[in-house]
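Structural overview for review
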Protein chains: 2
Amino acid sequence: MRYPESWLRGAPLGEGITCELRMQIISGALKPGETLSENRIAADFGTSRSPVREAMKTLSSEGLIRLERMGAVVIGLGEKEVDELYDVRFLIESFAQQRMAGLDTGPLIVQLGRIIDKMELAAKHMDPIEFAYQDLAFHETIIAEAKHSRIWQLWKSIRQIVMTVMLLTTEEVFSEGEARVAGVIDKHRKLLNGIQTNDPKTIERTVRDYFADSYVTLHDSISPARG
Amino acid sequence: MRYPESWLRGAPLGEGITCELRMQIISGALKPGETLSENRIAADFGTSRSPVREAMKTLSSEGLIRLERMGAVVIGLGEKEVDELYDVRFLIESFAQQRMAGLDTGPLIVQLGRIIDKMELAAKHMDPIEFAYQDLAFHETIIAEAKHSRIWQLWKSIRQIVMTVMLLTTEEVFSEGEARVAGVIDKHRKLLNGIQTNDPKTIERTVRDYFADSYVTLHDSISPARG
DNA sequence: ATCGCAGAAGTTGTATACAAGTACACAGTC
DNA sequence: GACTGTGTACTTGTATACAACTTCTGCGAT
């Protein structure tokens, strides 16, 4: 699977290389332990080393590769790493939701409702890319609502990885039939209901349930998908 | 205050520029809203744009500046931002400590004890730089013990900022007399005792107390120090 | 005085060149 | 045969050059 090109319209070269390499690492096309050379990658992409260098730095800051003296080593995203990624997602989202408990969540509820509508539309159109995008948007909207610069920074640092993982898993989910897709939508509706209660305890439980369920989904769908 | 040069021995140019700029931003020498030009900074440091570019990318990923089309804009670290930074530190450390509750913390306790000894020594020698370094090492050791790649990644993404803030605050603390320094050491000893209990509830409370107290310290010392 | 337009200066993104250092293979020696 | 030294190919880090784009300035026309 390739990174959707429409998302890179007008973006600098370096960004495209970053996304492509990220996808290759997460999808498993580039295996952990493999070493990447700036020269080789630049040649592969037909560019100079400058944008490649940027990509390497970005991927390193995302924890997908490790910069060493000779060549960068692929770290990759195995089952364990994906679990850990979701630990952090839980941490971030849990924090965000707890933080806005008690505040007026009216506008947020409306926003999230609209996103769920778009997810349903994407499901109807059998458009996994759009679906994944809306899925990401859903969670991102919640996190943004926390209005916490550092939490936002944390999110940004894993956002692209989460997006890529979602792209891959959503493809898988779509291939498993409508029921599975409907299930994902339902999970988001439950999250929304949780927020609507405005009760910290309930929210805590809702978020916990959501991610507990995601672990199962991931282990069922991702690992076979990546051989 | 400048970044300790001994910490940059043999490091690439870009890293030095990153650290120097970071220090200037956090100390307030570079004020929020100011725009930085790669050319100007390169000229200031007497280097080419390449290492400066790297520094900009790093600082951007740390959330200290915002890359825009024309020039990078300084975001800075005001009181609110430091609070938020400590929110995340709490989140990370709390997670780490909870995670190893129940496991054998014996070796960790020994390690932390040694670090506290070094802190005491640094206090006796009136060496705030060494003290700050050991303070960082203390927390880093705890986080590393969680053995969680993503949490470690999160830590790495704020580590340098935390280090820099510590450098600045420790200078301040040292100038306020021995009692204050002893107080900081005592806080760490309490943290260590908390871990030693191996009781999640107690640990939770200990960590919370630690950071609650840190907020007070920060607001008393940092803000006047940075005018 | 105000608006519009050209141009100049400055900006980033990318390509290319070069220097310094590292790993590795291969030959020569003990 | 094992070991050491050397040379080579490849690596990163930095400097420099250039192109495309943006912003602002200043001049001229209205």
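Worth saying up front: this structure is predicted, and the values here are computed from it rather than measured.

Overview of the domain arrangement of chain A
All names here are of chain A.
- Taken domain by domain, chain A comprises domain 1 (5-74) and domain 2 (79-225).
- The straight-line distance from the C-alpha centre of domain 1 to that of domain 2 is 27 Å.
- With seven residues of domain 1 at the contact, the number on the domain 2 side is ten residues.
- Of the roughly 800 Å² buried between domain 1 and domain 2, counting both surfaces, carbon and sulfur atoms make up 83%.

Here's the deal with the environment of B:Ala122
Residue and element names in this part refer to chain B.
- Within the secondary structure, Ala-122 is located in helix α5 (residues 106-124).
- Classification of Ala-122 as buried rests on a relative accessible area of 3%.
- Each C-alpha atom, one on Ala-122 and one on Ser-214, is 20 Å from the other, the two residues being 92 residues apart in sequence.

Focus: the sheet that holds strand β2 (residues 65-67) of chain A
Residue and element names in this part refer to chain A.
- Strand order in the open sheet formed by three strands is β1-β3-β2, with antiparallel pairing between adjacent strands. Because the sheet does not close on itself, it has two edges, and the strands there are β1 (35-36) and β2.
- Direction of pairing for β1 relative to strand β3 (residues 72-74): antiparallel, over a ladder of two bridges. If you follow Leu-36 over to β3, its bridge partner there is Ala-72.

Here's the deal with the sheet that holds strand β3 (residues 72-74) of chain B
Residue and element names in this part refer to chain B.
- Strand order in this open sheet of three strands is β1-β3-β2, and the pairing throughout is antiparallel. Of all strands in the sheet, those bounded by a partner on one side alone are β1 (35-36) and β2 (65-67).
- Across three bridges, the pairing between β2 and β3 is antiparallel. Bridge pairing in β3 links Ile-65 to Val-74.
- Across the face of the sheet, helix α3 (residues 49-61) comes into contact with β1, β2 and β3 while running at roughly 115° to β2.

A short note on the relation of the copies chain A and chain B
- Each copy superposes on the other: chain A lies on chain B with an RMSD of 0.0 Å after a rotation of 180° and an axial shift of 0.0 Å. Here the two chains are linked by the operation of a two-fold rotation axis. The rotation axis passes nearest to the C-alpha of A:Leu154 in chain A, at a distance of 3.5 Å.
- Most of the interface of chain A is mirrored in chain B, where 100% of its interface residues again form contacts.

Regarding the packing of aromatic side chains
All names here are of chain A.
- For the structure shown, the criterion picks out twelve aromatic pairs over all chains.
- Seen in terms of ring centroids, Tyr-86 and Phe-211 are 6.3 Å apart; in terms of plane orientation they differ by 70°. Their pairing is edge-to-face. With Tyr-86 in helix α4 (residues 79-99) and Phe-211 in helix α9 (residues 200-225), the pair connects residues that are 125 residues apart, well separated along the chain.
- A centroid spacing of 5.3 Å and a plane angle of 70° characterise the contact between Phe-131 and Phe-174, whose relative ring orientation is edge-to-face. Of this pair, Phe-131 sits in helix α6 (residues 128-145) while Phe-174 sits in helix α7 (residues 149-175), and the two are 43 residues apart along the sequence.
- These aromatic residues form a ring-pair network of at least three members: Tyr-86, Phe-90, Tyr-210 and Phe-211.
- The residue whose ring lies beneath Lys-187 is Tyr-210, and the NZ or CZ to ring-centre distance is 4.3 Å.

What to know about the protein's contact with DNA strand D
- The environment of DNA strand D is formed by 18 residues, the closest being A:Arg49, A:Arg53, B:Leu13, B:Ser48 and B:Ser50.
- Per the 4 Å cut-off to the protein, sugar and phosphate atoms form 64% of the nearby atoms of DNA strand D.
- Contacts to DNA strand D include A:Ser37, whose side-chain N or O atom sits 3.0 Å from a phosphate oxygen.
- Listed by contribution, the elements that provide at least two residues to the surface near DNA strand D are α2 (38-45) and α3 (49-61) of chain A together with α1 (13-27) and α3 of chain B.
- Broken down by element, the surface near DNA strand D gets its largest block of residues, three residues, from α3(B).
- Looking at the surface near DNA strand D, its residues break down into six nonpolar, seven polar and five charged.

Looking at the interface of chain A and chain B
- At the interface, 27 residues of chain A touch 27 residues of chain B.
- The largest share of the area that chain A buries against chain B comes from A:Lys57, A:Leu91 and A:Arg150, three residues that together contribute 29% of it.
- Taken together, the links from chain A to chain B amount to two salt bridges.
- Its salt-bridge partner being B:Glu54, residue A:Arg53 comes within 2.9 Å of it at the nearest N-O pair.
- Along the contact surface separating chain A from chain B lie twelve residue pairs in polar contact (both at pLDDT 80 or more).
- The biggest single contributor to the side of chain A that touches chain B is α4(A), with eight residues.
- A breakdown of the residues in the side of chain A that touches chain B according to their chemical character gives ten nonpolar, seven polar and ten charged.

A short note on the environment of B:Asp117
All names here are of chain B.
- Following the sequence through the fold, Asp-117 ends up in helix α5.
- Judged by relative accessible area, Asp-117 falls into the partly exposed class, the value being 47%.
- C-alpha of Asp-117 to C-alpha of Pro-51: the two residues are 66 residues apart in sequence and 38 Å apart in space.

Comments concerning helix α2 (residues 38-45) of chain B
Residues and elements named next belong to chain B.
- The complete set of buried residues in α2 reads Glu-38, Ile-41 and Ala-42. Viewed end-on, α2 has its buried residues packed into an arc of 100°, placing them on one side of the element. Among the exposed residues of α2, those pointing more than 90 degrees away from its buried face are Asn-39, Ala-43 and Asp-44.
- Backbone geometry just after α2 places Gly-46 at a positive phi near 70°.

Calculation rules
Residues numbered from 1 in each chain as written. Chains lettered and ligands numbered in written order. Predicted model: local features only at pLDDT ≥ 70, side-chain atom pairs only at ≥ 80, totals over all residues. Heavy atoms only, no water. Domains from an automatic or database assignment. Contact = heavy atoms within 4.5 Å. Buried area = accessible area lost by both parts, 1.4 Å probe. Helix = DSSP H or I, 4+ residues; strand = E, 2+ residues; numbered from the N terminus. Buried < 20%, exposed > 50% of the residue type's maximum accessible area, 1.4 Å probe, protein only. Pairing = 2+ DSSP bridges. Axes fitted to C-alpha atoms, helices over the stretch in contact; angles between N-to-C directions. Least-squares fit on C-alpha atoms with pLDDT ≥ 70 in both. Phe/Tyr/Trp six-rings, centres within 6.5 Å; stacked < 30°, edge-to-face > 60°. Lys NZ or Arg CZ within 6 Å of the ring centre and 35° of its normal. Near = heavy atom within 4 Å. Polar contact = N/O pair within 3.5 Å; in protein donor to acceptor, adjacent residues only side chain to side chain. Nonpolar A, V, L, I, M, F, W, Y, C, P; charged D, E, K, R; others polar. Salt bridge = Lys/Arg side-chain N within 4 Å of Asp/Glu carboxyl O. Arc of directions from axis to C-beta.

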